[in-house]
Amino acid sequence: MVTDFKLSSENKTNCLVINTHGYINNIGGQKIVDEFNKHKDGGIKNYILNLEESKIVNSIGISFLIEMIEKLNETNGKLVFTNLDPTIEKTFTIMGLFQFAEKANNVDEALKLF
Amino acid sequence: MSTVSTEDLVSRLSLQVTSFQDGFKILAKSSSLEELALNFNHILRGSLLITDVNLFYKSNKEAEWTTLFSKDDRYSNSLNDLEISDKYSINFPENKGYKVLSTIPLVNKSYFGIILGNKLDKTEYSEIEKIFLQIFMQILDNAHQAFINYKKEKQLIFELKHRVVQLNNLIGTGIEISNLHKIGFQLELALERAVSLTNASRGLLRTIKGDKVISTIALPVTADADDILSVKYKIETEVEFQGLKYSFCLANKETRKGIEDFDDTDKILLSAIAMQVTAALENEHLHKEALLKEKIKKELSVASTIQQKIIPAELPEIPGYDIAGINIPSAEVGGDYYDCMKLNDGRFALIIADVAGKGVPSALLVSTLNASLFSYLDMQISLSDMAMKINSIIFNASPPDKFITFFIAVLNPENGELDIINAGHNPILLLRNDKTLKKIDAGGVAFGMFDMGLPFEGEQLVIEQGERLLLYTDGIPEAMNENEEEYSDPKMEAFFCENTPDKADDFINNIVADVRDHTAGTLQSDDITALYLIRK
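Basis of the calculations
Residues numbered from 1 in each chain as written. Chains lettered and ligands numbered in written order. Predicted model: local features only at pLDDT ≥ 70, side-chain atom pairs only at ≥ 80, totals over all residues. Helix = DSSP H or I, 4+ residues; strand = E, 2+ residues; numbered from the N terminus. Buried ≥ 20, exposed ≤ 12 C-beta atoms within 10 Å, placed from the backbone. Contact = placed C-beta atoms within 7 Å. Axes fitted to C-alpha atoms, helices over the stretch in contact; angles between N-to-C directions. Parallel < 35°, antiparallel > 145°, perpendicular 65-115°, else oblique. Left-handed = near helix turned anticlockwise from the far one by under 90°. Nonpolar A, V, L, I, M, F, W, Y, C, P; charged D, E, K, R; others polar. Pairing = 2+ DSSP bridges. Core = buried A, V, L, I, M, F, W, Y, C linked by C-beta atoms within 7 Å. Expected span 1.5 Å × (residues − 1). Arc of directions from axis to C-beta. pLDDT = per-residue confidence, 0-100.

Moving on to the overall build of chain A. Assigned secondary structure in chain A consists of four helices and five strands. Mapped from its N terminus to its C terminus, chain A presents α and β elements in the order β-β-α-β-α-β-α-β-α. For chain A, the residues scored as buried account for 41% of the 114 residues in total.

Next up, the structure:
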């Protein structure tokens, strides 16, 4: 069941965990990038995007994620996706997101990658 | 104004070649127009000591100028001085608030506007610097073209990858939908995939019976159905299965700039996903049907086994008589039954019966009849009373369309007396020694038709030495050949009269062979059952 998009974030030791809920589309993607920009300007370089509660994503949402990855590459930052639905994982693989970002089963595993 | 000699120009240009090349490389790497402007500022500052660089952008002739890079707001008042034409222009005005004014028409019908102020050392622009500036303007134009091409290439790669995602997900969706088995989950998944693959912002899937919407799935769940149906940009498709319509509606295709109308590919994708739902529903339906058929087949197999166990494996020996019987079931479980039971008083009951219809209910009725006969035959009651009691049992045990035709002849082997009741069965044939044929049909209606206490009229007769009795079911006279011609009662009666072998077994085998000869090449549609008695 797909709900309206919501987002929450939490600061961990050396990174920001962004938890998403719902459809990652134009609105969802923009909110993720806004949240990322807010913390990037504050100096955070490492990010975990927890998609446990997001089961669908469209190409517009993906373009926002690519934008986020490109910005992180410029600053030697790092992004790890976690809790990926199998279809989303396959989609990200085809779109080439894992060439510049990593994936982990869950947030705890992702934290060990920094 | 001093002029530049050709030699001097060539010499200075030679020194700057590397600088121009590096400048282009830096500019071409820019990921945005803002970055391009910032890098241009760095190049002019580094190469010509120009620190007052202002770069503006106009996306088309009619659009307003937007600032890409400027450290001084005062130049926004000079934007009207920028000449808009299809040709590159550069001016070095005097007595203005700036020193250089240039407009570069770009490949995508947009424009760069460049306003430069004083150099760092406040000196005037030399002729050679003006030439260099024009070269840098050209490099900026080329870098912008490279930037546009890079963006287009990136967009093209992105779109190609997205097409692969669409194709891959479309194939995967069909398989996933089929694996879900529950219609609600199947529809939800189909809508999710249709929405995401077409970049729709919302989606609706309604299940409609007649004119009534019986269920609705919206994505997101809070989306209002009427809102989705009333948007300007939408695509719809509908599939139907077993009287239910599944109506898809996708609303507002998303882009980074807002929303737009769906294209033909989106319509094809939606249609393909909707068809996958139909295919999954059909497969599910066929799967259930196959399971049901398998279950019925197993039940019929059980029923057939029960019936075969009721029919005697071998008949008792009757002193002074020869008896033989046969039951050849058809492909379906039939309702034919025969038996020969030895009673406590030394008599023998010859029985044949046929339940209307086939299948498990018929087999169960045969079982009930068999059990009833076992219960009543040795009781000291008349055949007529027994028939009434069994009729009542069958009536109460059977559905309205089920009944049993029944014949019983209780034989006293010592004197050949036959005590007979025929309850709606085919006439039983008795071949007299004088070659006359007696048809025995006295009795009443078939068991299970009525339970009104109507009496069953019996008949008594004697079978003499050498005489023969044939009990049969309609599977023999009604056996049809490929032209749908029945074996028929006359042919059976003639065969009965003309074929009088010494052994009862031989007669049974002969009549079965004759029937098979008649029906050659066709499927046996009814049970073939017969009981044959010869008094030696």
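Bringing the overall build of chain B into the picture now. The secondary structure content of chain B amounts to 10 helices and 21 strands. When burial is assessed residue by residue, chain B has 34% of its 536 residues classed as buried. Looking at chain B alone, contacts between residues at least 24 apart form 66% of all its contacts between residues at least 6 apart.

Residues and elements named next belong to chain B. Two elements in contact, helix α3 (residues 127–180) and helix α6 (residues 264–310), have axes whose closest approach is 9 Å; the angle formed by their N-to-C orientations is 20 degrees. With respect to α6, the axis of α3 lies roughly parallel. Here the hand of the crossing between α3 and α6 comes out right-handed. Together, Gln 166, Leu 170, Thr 173, Gly 174, Ile 177 and Ser 178 of α3 and Leu 269, Ala 272, Ile 273, Gln 276, Val 277, Ala 279, Ala 280 and Asn 283 of α6 make up the contact between the two elements. Residues of the contact of α3 with α6, tallied by class, amount to eight nonpolar, six polar and no charged.

Let us now look at the sheet that holds strand β5 (residues 111–116) of chain B. All names here are of chain B. With antiparallel pairing, the five strands of this open sheet are ordered in space as β2-β1-β5-β4-β3. The open sheet is flanked by β2 (66–69) and β3 (89–91), the only strands paired with a single partner. With strand direction ignored, the average angle separating the axes of adjacent strands in the sheet is 20 degrees. One ladder, built from six bridges, connects strand β4 (residues 100–105) with β5; its direction is antiparallel. Within β5, the residue paired with Ser 102 across the bridge is Ile 114. The strands touched by α3 are β3, β4 and β5; relative to β4, the strand with the most contacts, the crossing angle is about 30 degrees.

Listed by partner, the interface residues are 22 residues for chain A and 21 residues for chain B. For the side of chain A that touches chain B, the secondary-structure elements that each account for two or more residues are α2 (59–74) and α3 (86–95) of chain A. Top contributing element to the side of chain A that touches chain B by residue count: α3 of chain A, with five residues.

Turning to the pairing of strand β1 (residues 53–58) of chain B, a few remarks are in order. Within a regular strand, side chains alternate between the sheet's two faces. Residues and elements named next belong to chain B. Burial analysis of β1 places six of its six residues in the buried class, the great majority of the element. Across the two faces of β1 the burial is the same, with Val 53, Leu 55 and Tyr 57 and Asn 54, Phe 56 and Lys 58 all buried. Sheet topology places β1 next to β5; six bridges connect them, and they run antiparallel. The partner of Phe 56 across the bridge, within β5, is Gly 113. Where β1 lies against β2, three bridges are found, and the strand directions are antiparallel. Residue Leu 55 lies in a different strand from β2, and its bridge partner there is Phe 69.

To continue, consider the packing of α3 of chain B against helix α4 (residues 183–198) of chain B. Residue and element names in this part refer to chain B. At their nearest, the axes of α3 and α4 sit 9 Å apart, and the two run at 170 degrees to each other. Classified by the angle their axes make, α3 and α4 are roughly antiparallel. Contacts between α3 and α4 involve Gln 166, Asn 169, Thr 173, Glu 176, Ile 177 and Leu 180 on the former and, on the latter, Phe 185, Gln 186, Leu 189, Ala 190, Arg 193 and Leu 197. Split into classes, the residues belonging to the contact of α3 with α4 amount to six nonpolar, four polar and two charged.

Residues and elements named next belong to chain B. Relative to strand β9 (residues 244–255), strand β6 (residues 200–209) runs antiparallel, the two sharing nine bridges. The residue of β9 that forms the bridge with Arg 202 is Ala 251. Taken together, β6 and the strand that follows it, strand β7 (residues 212–219), pair antiparallel across an intervening segment of two residues, in which Gly 210 is found at a positive phi of about 65 degrees.

The biggest cluster of nonpolar side chains holds 64 residues, and the ones touching the most others in it are Leu 350, Leu 369, Ile 404, Leu 470, Leu 471 and Leu 531 of chain B. The biggest single contributor to this core is strand β14 (residues 404–412) of chain B, with seven residues. Beyond its immediate chain neighbours, meaning those up to four positions away, Leu 471 of chain B contacts Tyr 338, Leu 350, Ile 352, Phe 407, Ile 428, Ala 530 and Leu 531 of chain B. One finds Val 2 and Phe 5 of chain A together with Leu 270 and Ala 280 of chain B within the second-largest nonpolar core, a separate group that totals 59 residues.

Residues and elements named next belong to chain B. Along its 15 residues, helix α10 (residues 504–518) runs 21 Å from first to last C-alpha, staying within 8% of the 21 Å computed at 1.5 Å per residue. Those residues of α10 not exposed but buried are Ala 504, Phe 507, Ile 511 and Val 515. Viewed along the axis of α10, the buried residues span an arc of 65 degrees, placing them on a single side of the element. Within α10, the exposed residues directed more than 90 degrees away from the buried face are Ala 513 and Asp 517.

Residues and elements named next belong to chain B. An order of β11-β21-β20-β16-β17 is seen for the five strands of this open sheet, with the pairing classed as antiparallel. Here the strands that pair on one side only, and so sit at the sheet edges, are β11 (321–328) and β17 (437–440). Strand-to-strand twist in this sheet, taken as the mean axis angle between neighbours without regard to direction, amounts to 15 degrees. Helix α9 (residues 489–498) rests against β16 (428–431), β17 and β20 (468–472) of the sheet, and its axis sits at about 30 degrees to β16. Here α10 sits on the sheet and contacts β11 and β21 (528–535); the angle it forms with β21, its principal contact strand, is near 145 degrees.

Burial in α3 of chain A covers these residues: Thr 87, Ile 88, Thr 91, Phe 92 and Met 95 of chain A. Burial along α3 of chain A is one-sided: seen end-on, the buried residues are contained in an arc of 135 degrees. Where α3 of chain A is buried, its residues meet β3 (46–53), α2 and β4 (78–82) of chain A together with α3 of chain B. With its phi angle positive at about 85 degrees, Gly 96 of chain A sits one or two positions after the end of α3 of chain A.

This part takes up the environment of Lys 58 of chain B. Residue and element names in this part refer to chain B. With respect to the helices and strands, Lys 58 occurs in strand β1. Distance from Lys 58 to Tyr 111, taken between C-alpha atoms, is 5.1 Å for residues 53 residues apart in sequence. Discounting chain neighbours no more than four positions away, the residues touching Lys 58 are Ala 63, Trp 65, Ser 110, Tyr 111 and Gly 113.

This part is about the confidence of the model for chain B. Residues and elements named next belong to chain B. Confidence in the prediction for chain B averages 91 pLDDT; 99% of positions are at 70 or higher. Across chain B, β20 holds the top mean pLDDT of 97, while strand β18 (residues 443–444) sits lowest at 80. Model confidence for the complex: the whole-complex pTM is 0.66, and ipTM, which rates the interface, is 0.93.

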